[in-house]
Amino acid sequence: MPVGAQGEVKVWQRRERGRQFAIWLGWLAGTALFVYCWQLISEITMWDFVWDSPRVAADIGARMLPPKWAYIEKIWRPLWDTINIATLGTALAILLAVPVAFLAARNTTPSATLVRPVALLIIVSSRSINSLIWALLLVSILGPGVFAGVIAIGLRSIGFIAKLLYEAIEEIDDTQVEAITATGAGRGQVIAYGIVPQILPAFAGISVFRWDINIRESTVLGLVGAGGIGLQLQSSLNILAWPQVTLILIAIFATVLVSEWVSARVRHAII
Amino acid sequence: MSVAESAPRRWKRPPLIKSPRLRWGLGLGAAIYLALAVGSIEVNWERVYEGLDRGWAFVVAFTEPDFIQRWGDIRDGLIESLTMTVTSTVLGILLSVPIGLGAARNLAPLPVYLLCRGIIAISRTFQEVIIAIFFVAMFGFGPLAGMLTLSFATIGFLAKLLAEDIESIDPGQAEAVRATGAGWLQWINYGIQPQVMPRLIGLSLYRVDINFRESAVVGIVGAGGIGATLTTAFDRYEFDTAAAIIIIIIAIVMFAEYTSGLIRARLK
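A brief look at the structure comes next. (Residues numbered from 1 in each chain as written. Chains lettered and ligands numbered in written order. Predicted model: local features only at pLDDT ≥ 70, side-chain atom pairs only at ≥ 80, totals over all residues. Heavy atoms only, no water.)

Some words on the overall build of chain B
Condition: Numbering of helices and strands starts at the N terminus; helices are DSSP runs of H or I of at least 4 residues and strands are runs of E of at least 2. Only C-alpha atoms enter the radius of gyration, while the globule expectation follows 2.2 Å times N to the 0.38, with N the number of residues. Throughout, exposure labels follow a simple rule: accessible area from a 1.4 Å probe, protein chains only, divided by the maximum for the residue type, with under 20% read as buried, over 50% as exposed, and the rest as partly exposed. Any two residues whose heavy atoms approach within 4.5 Å are treated as being in contact. Charge counting follows a simple rule: Lys and Arg are positive, Asp and Glu are negative, and His as well as the terminal groups are ignored. Charge coordinates come from a single atom per side chain, which is NZ of Lys, CZ of Arg, CG of Asp or CD of Glu.
From N to C terminus, chain B includes 10 helices and 0 strands. Its helices and strands in sequence order give chain B the pattern α-α-α-α-α-α-α-α-α-α, from N to C terminus. Whereas a compact globule of 268 residues would reach a radius of gyration of roughly 18 Å, chain B reaches 26 Å, over 25% beyond that. Here chain B holds 268 residues, and 45% of them are scored as buried. Taking the intrachain contacts of chain B between residues at least 6 apart in sequence as the baseline, contacts between residues at least 24 apart amount to 74%. Each charge class in chain B can be summarised by its mean position, and for the 23 positive and 22 negative side chains these summaries are 14 Å apart.

As for the packing of aromatic side chains
Basically, it comes down to this: Centres within 6.5 Å are what make two rings of Phe, Tyr or Trp a pair, Trp counting through its six-membered ring; a difference in plane orientation under 30 degrees is then read as stacked, over 60 as edge-to-face, and the rest as tilted.
What the rule picks out here adds up to 10 aromatic pairs over all chains. Ring geometry for W80 of chain A versus Y33 of chain B: centroids 5.8 Å apart, planes at 80 degrees, classification edge-to-face. Taken together, the positions of W80 of chain A in helix α4 (residues 76-104) and Y33 of chain B in helix α1 (residues 20-39) put the pair across two chains. Between F160 of chain A and F209 of chain A, the ring centres sit 5.8 Å apart and the planes meet at 55 degrees, which makes this aromatic pair tilted.

Things to note about the interface of chain A and chain B
The criterion, for reference: By convention, the term buried area covers the 1.4 Å-probe accessible surface removed from two parts as they join, with the contributions of both added. In the sections that follow, a salt bridge refers to a side-chain nitrogen of Lys or Arg positioned within 4 Å of a carboxyl oxygen of Asp or Glu. Contacts described as polar in this section are N or O atom pairs within 3.5 Å, which, within protein, must combine one atom able to donate a hydrogen with one able to accept it, while residues neighboring in sequence count only if both atoms come from side chains.
Each partner contributes to the interface: chain A provides 60 residues, whereas chain B provides 58 residues. Carbon and sulfur atoms make up 77% of the surface buried where chain A meets chain B, a total of about 5,200 Å² over both sides. Linking chain A with chain B are 2 salt bridges. Here E257 of chain B ties to R127 of chain A by a salt bridge, and the two come within 2.5 Å at their closest N and O atoms. Across the chain A-chain B interface, the total number found is 10 residue pairs in polar contact (both at pLDDT 80 or more). In terms of residues, the side of chain A that touches chain B owes the most to one element, helix α6 (residues 131-142) of chain A, which gives 8 residues.

Here it is, written out as structure tokens:
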């Protein structure tokens, strides 16, 4: 325990002097970095707009209320599309992510030096790129529409599902695998009877969790033309139809709440 | 002696869902839904076929990404993204701590709890891009709107997880501090903070990562950052520049993930 001396009296201190100094330096560097970054942003900001923002916010707020309830007729179809994008995208991602996960897990990969890095690279690339960027790309390749949205959500979700799944595979209980192997089972049989039953609950949980996230993400894909409720949002914003925007936001909020409730129920039932 | 003793029994794998009615019902429901959903997607195959060339051009672009031609734009975008990441994470943490405290049922009275949970729900429901649209309308184009968006989005993530962490602390320690006659702040500082700190640091590091990734997206609606550069590249069909930007994003995310993994491993 570090003890300092104040004259004759010994005083308890929490840390050694060097360590205390290092922590102080860390805080100093962090604060300096923050201030520097803030300055860079502040330089390219037009502060007149910012000072005007309370008035603009009040103005928008006043225009947004009350919501235009009649518009709900027109958003049932986009909402259905949004849910489809999320669900089909998740299904597509599951199909592609399962093999990737088995190739990436240390205990099931056919080759740790050749195949595993490739699988990990697929996972990282898919995770790093947001679904909106995938959508941007796919809209310019496939044309606008729900199809591009489904593929975008699918590509984005591969990395997420495969990462969590391969971690689950690596954490399985080896004795069960050993027991199945001891009966003379082939490679496929070991996976089917030794590994799959162990990861099935985790797999179901991960899939539902990702579906929940995908519902949220698919609400904005329309902003870049990939279908769903985002298209309606974009067109309402373009014509400054604020009461419609409010209704769309309420619809999104309700959809997300329902999907969160469903996913919580399913995960609760599994675990 | 008769040969027929017991019928040979075959072992069958136990199904995931035990009740057969629920199992078949779910299966049938899923099949009907899939048919309806797939049926309602309209794919213009001619357009897809035409686009395949462009898709291939994009794949090829990854083998020869062009960092040089638009390097000025890429550099500006990257600097904006990185500064946005740093400032928004710091601001986000500063905002998340009080809201997280307020959203923990064992600390806060009911009205405060409901208010804080409401803020968290709004922040979690609406994607960064939607929030960014509003902030751009209010604060004008540029990284300030993006920074505020990411700060707000950080609240939904960090405050929620912090609140859940606080709700599951060991109440004995907090009670012990209380019993010494500590005030509210001292109670938080000595009874609760030490219990949640390691996880809070880990989550904050993870959030740095997410904020960088999201900073690449808010640019699509004009809130600054590398996303603006990327959108422009796609609009001009400059796939080689787009590929370069995506490679840079992946590299930075990998680096951030690796470092934060190292730091988290040391904290444990």
